[in-house]
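Observations on the model geometry
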Amino acid sequence: MLADPVALDRADPLARFRAEFFLPPGQIYLDGNSLGLLSRRADVTLTRAVEQWRTLGIAGWTEARPPWLTLAETAAAQLAPLLGAAPAEICLTGQTTANLHQLLATLFEPAHPTRRVLLGDALNFPSDTYALQSHLRLRGLDPATHLRLVPSRDGRTLAFDDLATALAAPDVQLAVLPAVVFTSGQLLDVAALTREARARGVLIGWDCSHSIGAVPHALERDGADFAFWCNYKWLNAGPGAVGGLWLNRRHFGRAPGLAGWWGVRADRRFALAPEHDPAAGAAVLQVGTPHILSLAPLLGSLELIAEAGGIAALRAKSLALTEFLLAHADLELAPLGFTVVTPRAAAMRGGHLALAHPDAWRLCQALKAAGVVPDFRAPDLIRLAPSPLYTSFTDCAEALARLKHLVRTRAHEKFPATPTLVT
Ligand SMILES: *Cc1c(COP(=O)(O)O)cnc(C)c1O
């Protein structure tokens with residue numbers, strides 16, 4: 001028996017947050033893991049920043065409310081509960097990939113006598129792998145020898161034992177893994193893998209791009225070394241919004257690999273001294289002036305999450321949404337040639353559901369034409385990403401009904417078969 005979506009919506013404690021978002025008219029938006037939608041609250045905090053720029057000019061650095069000078073710190077304090085970390089360990093700055101470069105530049109020691117291998121995985125978002133490769137080259141090491149990518153057995157997921165075995169190799173110095181695999185939506189066991197890494201003397205960093213805002217983290221409890229993420233996916237901070245990084249306090253005091261004037265102690269920054277006088281905490285990893293206009297919407301977005309009961313409430317709704325999609329997919333989509341590639345166990349599931357289908361590309365185009373926004377990942381994945389704050393169970397049911405209808409009527413077959421890979 002499949003659950004009734006209307007009854008689920010009625011019982012949903014987060015249902016009222018849907019009205020807080022600008023939902024694209026006539027669309028069922030299931031792409032919040034690529035670009036989250038704008039909320040009214042983020043619109044307000046962004047508009048306020050623009051207004052203060054208009055009226056205050058440079059005085060906004062100190063007189064805007066909240067002041068721009070410490071806006072990144074204000075946001076870090078609001079974001080801390082999502083990561084299970086202290087605000088001083090968080091820095092909202094740069095971009096996801098640039099932050100990975102900064103963390104590698106700060107933590108990786110290429111001259112280590114025995115450990116010179118960087119560990120990644122074969123499924124990670126390619127930008128992370130490009131960063132690892134180019135970082136090694138920059139430090140005079142050859143990625144062919146010094147980058148090791150843990151392979152996937154099925155091309156979709158990573159096996160815990162494979163990761164643990166790779167972490168145990170005596171030449172690995174630092175590992176970078178995704179908390180949630182961006183294609184299949186597999187959630188890795190961050191706590192256990194962090195433990196494995198720590199036990200072997202390996203530094204471990206997590207790419208939380210696909211997990212932050214969908215899955216709770218306890219980075220401090222787990223004892224990881226660092227993390228980085230984007231704020232424009234589940235956190236709805238807007239296209240190209242400022243990125244984030246987390247540095248465990250045990251690394252405080254290290255010189256930043258990429259130094260800049262904004263990493264100087266706040267009270268010494270405007271002394272503009274020739275010597276870099278490092279800021280306390282993760283703030284030392286800031287390179288330049290904070291991205292005020294993309295921090296601003298993040299503040300509104302985080303405010304809304306706090307009101308909704310925080311990340312635990314979001315995770316509960318997110319799991320219920322993906323559970324609903326899963327149950328339907330098994331019963332109704334499997335007979336139509338779809339395979340669920342997201343792991344079924346709640347503890348191994350991120351925020352989206354990935355379906356494999358040989359005609360995935362055409363189905364995604366046909367879905368968009370039918371008013372449903374999924375996304376496609378080559379070669380054969382349809383990702384459905386229900387957002388806990390603005391997607392209803394009725395949306396999910398309707399999206400599935402349209403998908404079934406498309407396949408049954410073969411309506412997708414009139415769309416071009418070759419992907420034009422733009423998103
Ligand atoms: C989205 C995403 C990124 C994005 O990197 P940017 O530098 O923000 O463009 C990086 N890594 C992963 C795993 C992602 O999902």
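Preceding this paragraph is the structure being described.
Residues numbered from 1 in each chain as written. Predicted model: local features only at pLDDT ≥ 70, side-chain atom pairs only at ≥ 80, totals over all residues. Heavy atoms only, no water.

1. As for the site of the ligand
With respect to spatial proximity, the complete set of residues near the ligand consists of Gln95, Thr96, Thr97, Asn124, Phe125, Asp128, Asp207, Ser209, His210, Cys230, Tyr232 and Lys233. Residue threonine 96 places a side-chain N or O atom 2.6 Å away from an oxygen atom belonging to the ligand. Here an oxygen atom of the ligand and a side-chain polar atom of lysine 233 are 2.5 Å apart. Within the complex, 86% of the 390 Å² of free accessible area of the ligand lies under protein. (Near = heavy atom within 4 Å. Polar contact = N/O pair within 3.5 Å; in protein donor to acceptor, adjacent residues only side chain to side chain. Areas by Shrake-Rupley, 256 points an atom, 1.4 Å probe, with all protein chains shown as cover.)

2. A look at the environment of aspartate 154
Looking at the secondary structure, you find aspartate 154 in the loop between strand E4 (147-150) and helix H8 (160-167). As for aspartate 154 and valine 341, which are separated by 187 residues in sequence, their C-alpha atoms are 9.8 Å apart. A distance of 2.8 Å separates the side chain of aspartate 154 from the backbone nitrogen of threonine 157, its partner in a polar contact. (Helix = DSSP H or I, 4+ residues; strand = E, 2+ residues; numbered from the N terminus.)

3. A short note on the side chain of threonine 322
Turning to its location among the elements, threonine 322 is positioned in helix H12 (residues 310-333). Look at threonine 322 and you get buried, because its relative accessible area is 0%. (Buried < 20%, exposed > 50% of the residue type's maximum accessible area, 1.4 Å probe, protein only.)

4. Points about the pairing of strand E3 (residues 117-121)
In terms of burial, E3 is a largely internal element, five of the five residues being buried. Of the two faces of E3, the one holding Val117, Leu119 and Asp121 and the one holding Leu118 and Gly120 are both buried throughout. Pairing analysis gives three bridges linking E3 to strand E5 (residues 172-178), with the strands arranged parallel. When the sheet's bridge partners are listed, valine 117 is paired in E5 with valine 172. (Pairing = 2+ DSSP bridges.)

5. Examining helix H13 (residues 360-369)
In an α-helix, one turn spans 3.6 residues, which is why side chains three or four residues apart end up on the same side. Across the 10 residues of H13, eight count as buried, placing the element largely inside the fold. What H13 keeps buried is the set Ala360, Trp361, Arg362, Leu363, Cys364, Gln365, Ala366 and Leu367. Those residues of H13 that are buried lie in contact with strand E11 (372-373), strand E12 (375-377), strand E13 (381-384) and helix H14 (393-409). Residue glycine 371 follows H13 closely and has a positive phi angle near 85°. (Contact = heavy atoms within 4.5 Å.)

6. Quick notes on the pattern of salt bridges
For the structure shown, the criterion picks out 24 salt bridges. Of the charged contacts, one joins arginine 156 and aspartate 380 as a salt bridge, the two residues approaching to 2.9 Å between their closest N and O atoms. Of this pair, arginine 156 sits in the loop between E4 and H8 while aspartate 380 is found in the loop between E12 and E13, placing the two residues 224 residues apart along the sequence. Accessibility assignment for this pair places arginine 156 and aspartate 380 in one class, buried. A salt bridge links arginine 221 to aspartate 222, with the nearest nitrogen and oxygen atoms 2.8 Å apart. The exposure class assigned to arginine 221 is exposed, which follows from its relative accessible area of 65%. Each of the salt bridges in this network shares a partner with another, and the network as a whole consists of Glu20, Arg41, Glu303 and Glu307. (Salt bridge = Lys/Arg side-chain N within 4 Å of Asp/Glu carboxyl O.)

7. Details of the sheet that holds strand E9 (residues 339-340)
Taken in spatial order, the four strands make up an open sheet running E9-E10-E13-E12, and their pairing is antiparallel. Pairing within the sheet leaves two strands with one partner each, and these edge strands are E9 and E12. The pairing of E9 with strand E10 (residues 353-356) spans two bridges and is antiparallel. Looking across to E10, one finds that threonine 339 is bridged to alanine 356.

8. As for a nonpolar patch on the surface
On the surface, a nonpolar cluster with roughly 340 Å² of combined accessible area is contributed by Trp261, Phe270 and Leu272. Positionally, tryptophan 261 belongs in the loop between strand E8 (243-247) and helix H11 (292-307). (Patch = residues over 30% accessible without salt bridge, like charges linked within 9 Å, V, L, I, M, F, W, Y side chains within 5 Å.)

9. A short note on the nonpolar core
In this structure, Ile90, Trp206 and Trp229 are the most contacted members of the largest nonpolar core, which totals 63 residues. Both of domain 1 (5-38 + 310-414) and domain 2 (45-305) provide at least three residues apiece to this core. Residues in contact with tryptophan 206, not counting those within four places in the same chain, are Leu177, Pro178, Ala179, Leu188, Val190, Leu193, Thr194, Leu219, Ala224, Phe226, Ala227 and Phe228. (Core = buried A, V, L, I, M, F, W, Y, C linked by side-chain atoms within 4.5 Å. Domains from an automatic or database assignment.)

10. Considering the pairing of E8
Walk down a regular strand and you will see the side chains alternate between the two sheet faces. The element E8 is largely enclosed, with a buried count of five among its five residues. Side chains of E8 alternate between two faces, with Gly243, Leu245 and Leu247 and Gly244 and Trp246 buried alike. As paired elements, strand E2 (residues 90-92) and E8 share three bridges and run antiparallel to each other. Bridge pairing in E8 links leucine 92 to glycine 244. In this sheet, E8 lies alongside strand E7 (residues 226-230) in antiparallel orientation, the contact comprising five bridges. Each residue of the ladder has a partner; that of tryptophan 229, found in E8, is glycine 244.

11. Remarks on the packing of aromatic side chains
Under the defined criterion, the tally for this structure stands at 11 aromatic pairs. Ring centres of tryptophan 262 and phenylalanine 270 lie 6.4 Å apart, and the angle between their planes is 85°; this geometry places the pair in the edge-to-face category. Geometry around phenylalanine 125 places lysine 233 over its ring, the cationic atom sitting 5.5 Å from the centre. Seen from the ring of tryptophan 262, arginine 269 lies directly overhead, with NZ or CZ sitting 4.2 Å from the centre. (Phe/Tyr/Trp six-rings, centres within 6.5 Å; stacked < 30°, edge-to-face > 60°. Lys NZ or Arg CZ within 6 Å of the ring centre and 35° of its normal.)

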